[in-house]
Amino acid sequence: MSEQGEVAAGSGSAGERIVVIGGSSGIGLRVAELAAGGGADIVIAGRDPQRLDAAVDGLRAHGAAVEGVRLDAHDPDQRESFFATLGPFDHLVSTIGVPMGGGFLSAPAAEIRRTIESKFFANLAIARLAAPLIRDGGSLTFTSGTGGRAQDAAGSYVGNLAIHALVEGLAVELAPRARVNAVAPTWTPTPLWKDVSEAELAATKARFASAIPLGRTATIDELADAYLFLIHNTFITGQQIAVDGGIMLGG
Ligand SMILES: NC(=O)c1ccc[n+]([C@@H]2O[C@H](COP(=O)([O-])OP(=O)(O)OC[C@H]3O[C@@H](n4cnc5c(N)ncnc54)[C@H](OP(=O)(O)O)[C@@H]3O)[C@@H](O)[C@H]2O)c1
C-alpha cells in the first residue's frame, strides 16, 4: 500500500479489468489502489519482483482481485509475451517514461534518444499490442510530463510532445471503440526520486513550489485522480491533462 493510505471506495470501476503498467509504485500504484477501491480487477506490471509482490499484497489486503506480472516495458520480447497472455481488458494505464535533465547541446545524444525511446516508442509499442485487447468502451491512458523547458530537459520535452501527438492520433484511430488520453504531471515527490538525498529533494520541492502559481507541489492522490477521471469520463479522448498547479502559466 502506498503512503497515501487506504484504498478509497467507490471509484466507479466495479467489474472492470484495469491494467497498470508501472503499477508497483508511485502514481501507478495509487491509480491501482483507487481502481481496486472501486471494485475493479487489477493487473499491475513492473520490473522489480519485490516491489511488485509488496504492491500486490497491499492491494489484496484490501480485498482486490489483483495479479502482478513482471515486465520490463522497454524490452520488446517481454512486451510481446506480456500482451500475448494478458487477455481482454477495459482500461490500460502506462506510467512508462524515463525523465532526463540537460539541454540539446549539453545532454549526451544517447540519453536524449533513450528518453524518447522510453516515452514515445515504448508507449507506441504498448498501444499497438494493447489495441486489439481493449473491450468496447475502454481506454488507454499514458503519462506525459510538464513543467520542464526544452533547454533544460531536451529528451523529456520532445518525448512529452510525442506522447501528446500519440494520444491525438490513437484517439481517432481507435474511435469510437475506445478512448486514448494522457496525464501530464509536473515534478512531484514520489518514489521516482528515491535515490535523491533528502536535502536535494527538499530543495527541489521548494524550488518547484515557488515556481508553481498554486504555491506547492502535487500529492500523488491529485495525480492519480486525473487518471481515474480520464478512465471514467466517456466523452474525453485525444486529450492531455496537465496536473501541474499552473507551472507553465507563470512568468
Ligand atoms: N514524479 C514526478 O516528478 C514525475 C513528473 C513528471 C512525469 N513523471 C512520470 O510519471 C511516471 C511515473 O512516475 P512515478 O513518480 O510514479 O515513479 P515511480 O514511483 O518510480 O513508479 C514508476 C513505476 O513504473 C515501474 N517501471 C519503471 N520502469 C519500468 C519498465 N521499464 N517496465 C515496467 N515497469 C517499469 C516501476 O517499477 P520497477 O522500477 O520495479 O519497474 C514503478 O512501478 C514516469 O513516467 C515519470 O517520468 C513523474
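Residues numbered from 1 in each chain as written. Predicted model: local features only at pLDDT ≥ 70, side-chain atom pairs only at ≥ 80, totals over all residues. Heavy atoms only, no water.

(A) How the structure looks around the environment of Arg79. Among the structural elements, Arg79 can be located in helix H3 (residues 76-86). Placed 29 residues apart in sequence, Arg79 and Pro108 show a C-alpha to C-alpha distance of 27 Å. The contact partners of Arg79, leaving out residues within four places of it in the chain, are Leu71, Ala73, His74, Ala122, Ala125, Ile126 and Leu129. (Helix = DSSP H or I, 4+ residues; strand = E, 2+ residues; numbered from the N terminus. Contact = heavy atoms within 4.5 Å.)

(B) Quick look at the site of the ligand. Surrounding the ligand, one finds 27 residues, the nearest of these being Ser24, Ser25, Thr95, Gly97 and Thr190. Here Leu71 contributes a backbone N or O atom positioned 3.3 Å from a nitrogen atom of the ligand. Between Ala73 and the ligand, the recorded distance is 2.8 Å, taken from a backbone N or O atom to a nitrogen atom. If the ligand stood free it would expose 880 Å²; the protein chains cover 92% of that surface. Tallied by class, residues from the shell around the ligand come to nine nonpolar, 14 polar and four charged. (Near = heavy atom within 4 Å. Polar contact = N/O pair within 3.5 Å; in protein donor to acceptor, adjacent residues only side chain to side chain. Areas by Shrake-Rupley, 256 points an atom, 1.4 Å probe, with all protein chains shown as cover. Nonpolar A, V, L, I, M, F, W, Y, C, P; charged D, E, K, R; others polar.)

(C) Local environment of the pattern of salt bridges. With the rule as written, the count across this model stands at five salt bridges. Put simply, Arg30 and Glu33 hold a salt bridge, and the shortest N to O gap is 2.7 Å. Linking Arg30 with Glu33, this pair stays in helix H1 (residues 26-37), spanning three residues, or about one helical turn. Relative accessible area serves as the criterion here: at 3%, Arg30 is assigned to the buried category. For the salt bridge of Asp90 with Arg135, the shortest nitrogen-to-oxygen distance reads 2.9 Å. In this pair, Asp90 is assigned in strand E4 (residues 89-94) and Arg135 in strand E5 (residues 134-143), connecting sequence segments 45 residues apart. For Asp90, a relative accessible area of 12% gives the class buried. Judged by relative accessible area, Arg135 falls into the partly exposed class, the value being 36%. Beyond isolated ion pairs, a larger network of salt bridges with shared partners links Arg30, Glu33 and Asp221. (Salt bridge = Lys/Arg side-chain N within 4 Å of Asp/Glu carboxyl O. Buried < 20%, exposed > 50% of the residue type's maximum accessible area, 1.4 Å probe, protein only.)

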